[in-house]
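Residues per chain are reported as follows:
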Amino acid sequence: DGRLTFYPGNQTVDLPFVNFMKRYGTAFLNAYTNSPICCPSRAAMWSGLFTHLTESWNNFKGLDPDYVTWMDLMEKHGYHTRKYGKVDYTSGHHSVSNRVEAWTRDVDFLLRQEGRPMVNLTGDRKHVRVMEADWQNTDKAVNWIKEEAINLAQPFVLYLGLNLPHPYPSPYAGENFGSSTFLTSPYWLEKVTYEAIKIPKWSSLSEMHPVDYYSSYTKNCTGEFTKEDVRNIRAFYYAMCAETDAMLGEIISALRDTGLLKKTIVIFTADHGELAMEHRQFYKMSMYEGSSHVPLLVMGPGVKEQQQVPNVVSLVDIYPTMLDIARIPIPQNLSGYSLIPLLRGKAENEVSSKGPRPSWVLSEFHGCNVNSSTYMLRTGKWKYITYSDGRSVLPQLFDLSDDPDELTNVAVKFPVIVHSLDKILRSIVNYPKVSSSVQRYNKKQFMSWKQSLGQNYSDVIANLRWHQDWLKEPKKYENAIEKWL
């Protein structure tokens, strides 16, 4: 959650290396994902293109494997490149589920797709390496810096993708259910200030926006949660962020120990945030701040120190920024804009007069746990969220300066603003058309998958993420699917 990298969000947990990057670099106060889910978000970051252009609709459908990423271009221009850990931009986890689960968005019933969010404390005060796989990848990156990067005659670019602070799989719910366990050790939990944890306000289930209700239900969050349940989920999430911060620290320390830190640009960001029980949801897949607002910190030569940038930026800006750093010509077709002028501390008007950085960012979502394609435009104090064809589902408008927790939808109150923001949005993306093409894609994928299985598709579905609900009334759901097809 990007809000943890600046005040007041950073009061809840000690993140020493995020703070180090703030002190010696630039923090972006309004950085957003272009799609709040792993694979489509990464596709945007690696391609520099909005989701409706990459057509990376869900965690099954990412970028074409032969797409030329910024790292490919840097390699072509003489950079030594190295990737470790989670990359996930061609196809993500849960591929079969993601390919076929989209039918649940278009059929008129509810199935829970995730285990109920829960916490799990493991080990003792000495247990530091909870997320072992991430630590192993961090070790590989550190060793590479100390043994190889230090001896290179050419410049290098190193990418390290961590899974944390992603919740862990919940074995009690079956192997194909989502990841709903917030897991940490006492060592990390001690870094969290419990008194500073804000318990989010919830609307009653009957007052929720229909898309929010659907998401809350499919994410298994409509049951009873005590304040203590919610506080613990949030605390464990923050503890997982502290463990992630320590891995960032390993990289920074390795660069410092080898004398490379002063001549290396370091970028820290994420594919999406975590709602951690805000709006009666956990996970991502939402345009609310907890899910769509990501961290973006940059430090290194030429980057202004102790700078906080208020401009709205997004992950598609990484591609042109990387090319700009490497002095590689930037292709004209990209959705993003180089962050270099902002990183150098140029005044806002100076930046806009030199380059056409827009005053808005776009995020969109077409995957599971949400029953409608979703589009978000963030500009100034406004966040405008619209769904599907723009008519069948009510839009949302939030004034983030007045209502940072996004509790009051003011779309009806400000029709003129809704109209003008919708006009801007439609000039960027013909969203009714995109929504219907996603629906066609979902149906086509489901049909070809169903045909490939012959008659037993219902048995296979019974083992996917919604199996517990499906098995209660399989005939009802099969009939609904037949009707849909």
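Residues numbered from 1 in each chain as written. Predicted model: local features only at pLDDT ≥ 70, side-chain atom pairs only at ≥ 80, totals over all residues. Heavy atoms only, no water.

The name given to the protein chain in an unreviewed UniProt entry is Arylsulfatase K, and the organism recorded there is Grus americana. The annotation that UniProt attaches to the protein chain under Function (unreviewed entry) is "Catalyzes the hydrolysis of pseudosubstrates such as p-nitrocatechol sulfate and p-nitrophenyl sulfate. Catalyzes the hydrolysis of the 2-sulfate groups of the 2-O-sulfo-D-glucuronate residues of chondroitin sulfate, heparin and heparitin sulfate. Acts selectively on 2-sulfoglucuronate and lacks activity against 2-sulfoiduronate." What UniProt records for the protein chain under Cofactor (unreviewed entry) is the sentence "Ca(2+)". (UniProt positions renumbered as here; feature names shortened; annotations may be inferred.)

Trainee: Any details on the layout of surface pockets? Residues and values, ideally.
Mentor: Over the atoms, a rolled probe matching the size of one water molecule traces out where space is still vacant. Empty space within the second largest pocket amounts to approximately 760 Å³. Lining the second largest pocket we find 31 residues, and of these R3, P8, K198, P404 and D405 sit closest to its centre. Broken down by secondary-structure element, the contributors of at least two residues to the lining of the second largest pocket are β1 (25–32) and α10 (227–257). Grouping the constituent residues of the lining of the second largest pocket by class yields twelve nonpolar, eight polar and eleven charged. (1 Å grid on protein atoms, 1.4 Å probe; cavity = no way out; pocket = protein on both sides within 12 Å on 5 of 7 lines; lining within 4 Å. Points joined across faces, edges and corners; volume = space filled by probe spheres on them. Helix = DSSP H or I, 4+ residues; strand = E, 2+ residues; numbered from the N terminus. Nonpolar A, V, L, I, M, F, W, Y, C, P; charged D, E, K, R; others polar.)

Trainee: Break down the pairing of strand β10 (residues 374–379) for me, with residues and values.
Mentor: Taken across its six residues, β10 has six buried, putting it largely inside the fold. Residues T374, M376 and R378 point to one face of β10 and Y375, L377 and T379 to the other, with burial holding for every one of them. Of the pairings in the sheet, the one linking strand β9 (residues 360–365) to β10 comprises six bridges and is antiparallel in character. Paired with S363 across the strands is M376, a residue of β10. Of the pairings in the sheet, the one linking β10 to strand β11 (residues 382–387) comprises six bridges and is antiparallel in character. (Buried < 20%, exposed > 50% of the residue type's maximum accessible area, 1.4 Å probe, protein only. Pairing = 2+ DSSP bridges.)

Trainee: Describe the sheet that holds β9, with residues and values.
Mentor: The strand order β9-β10-β11-β12 describes an open sheet built from four strands, whose pairing is antiparallel. Looking at which strands have only one partner, the edges of the open sheet turn out to be β9 and β12 (396–399). Here the strands of the sheet are splayed against their neighbours by 15° on average, with no regard to which way each runs. Together, β9, β10, β11 and β12 form the strand contacts of helix α15 (residues 415–428), whose direction differs from that of β11 by roughly 65°. (Axes fitted to C-alpha atoms, helices over the stretch in contact; angles between N-to-C directions. Contact = heavy atoms within 4.5 Å.)

Trainee: Before we move on, could you go through the sheet that holds strand β7 (residues 296–299) and cite the residues and values that matter?
Mentor: The four strands are arranged β6-β7-β1-β8 in an open sheet whose pairing can be described as mixed. The sheet terminates laterally at β6 (266–269) and β8 (307–314), the two strands that pair on one side only. Direction aside, neighbouring strands of the sheet carry axes that sit 20° apart on average. Looking at chain direction, β1 and β8 are connected through six bridges and run parallel. Within the sheet, the bridge partner assigned to T26 lies in β8 and is Q307.

Trainee: With reference to specific residues and values, describe empty space enclosed by the protein.
Mentor: Taken as a whole and judged by the stated rule, the model has three cavities of 30 Å³ or more. If you add up the space inside the largest cavity, you get close to 100 Å³. Forming the boundary of the largest cavity are 14 residues, of which D212, M285, S286, M287 and Y387 lie nearest the centre. Taken together, the elements giving at least two residues each to the lining of the largest cavity come down to α9 (210–218) and β11. The element that contributes the greatest number of residues to the lining of the largest cavity is α9, accounting for three residues. Looking at the lining of the largest cavity residue by residue, the class counts come to eight nonpolar, five polar and one charged. Computed from the structure, the second largest cavity encloses a volume of approximately 70 Å³. When residues of the lining of the second largest cavity are assigned to their parent elements, the largest contribution, three residues, is made by β9.

Trainee: Got a sec to walk through the side chain of S338? Specific residues and values, please.
Mentor: With respect to the secondary-structure elements, S338 resides in the loop between α12 (318–325) and α13 (340–343). By relative accessible area, which is 16% here, S338 ends up buried. Polar contacts involving the side chain of S338 include one to the main-chain amide nitrogen of I340, which spans 3.1 Å. (Polar contact = N/O pair within 3.5 Å; in protein donor to acceptor, adjacent residues only side chain to side chain.)

Trainee: Run through the nonpolar core, naming residues and quoting values.
Mentor: In this structure, M21 and L255 are the most contacted members of the largest nonpolar core, which totals 73 residues. Per element, the largest residue contribution to this core is 17 residues, and it comes from α10. For M21, the contacting residues outside a window of four places in its chain are T26, L248, I252, V266, I267, F268, L297, V298 and M299. Residues F28, A43, Y89 and L342 belong to the second largest nonpolar core, which totals 33 residues. (Core = buried A, V, L, I, M, F, W, Y, C linked by side-chain atoms within 4.5 Å.)

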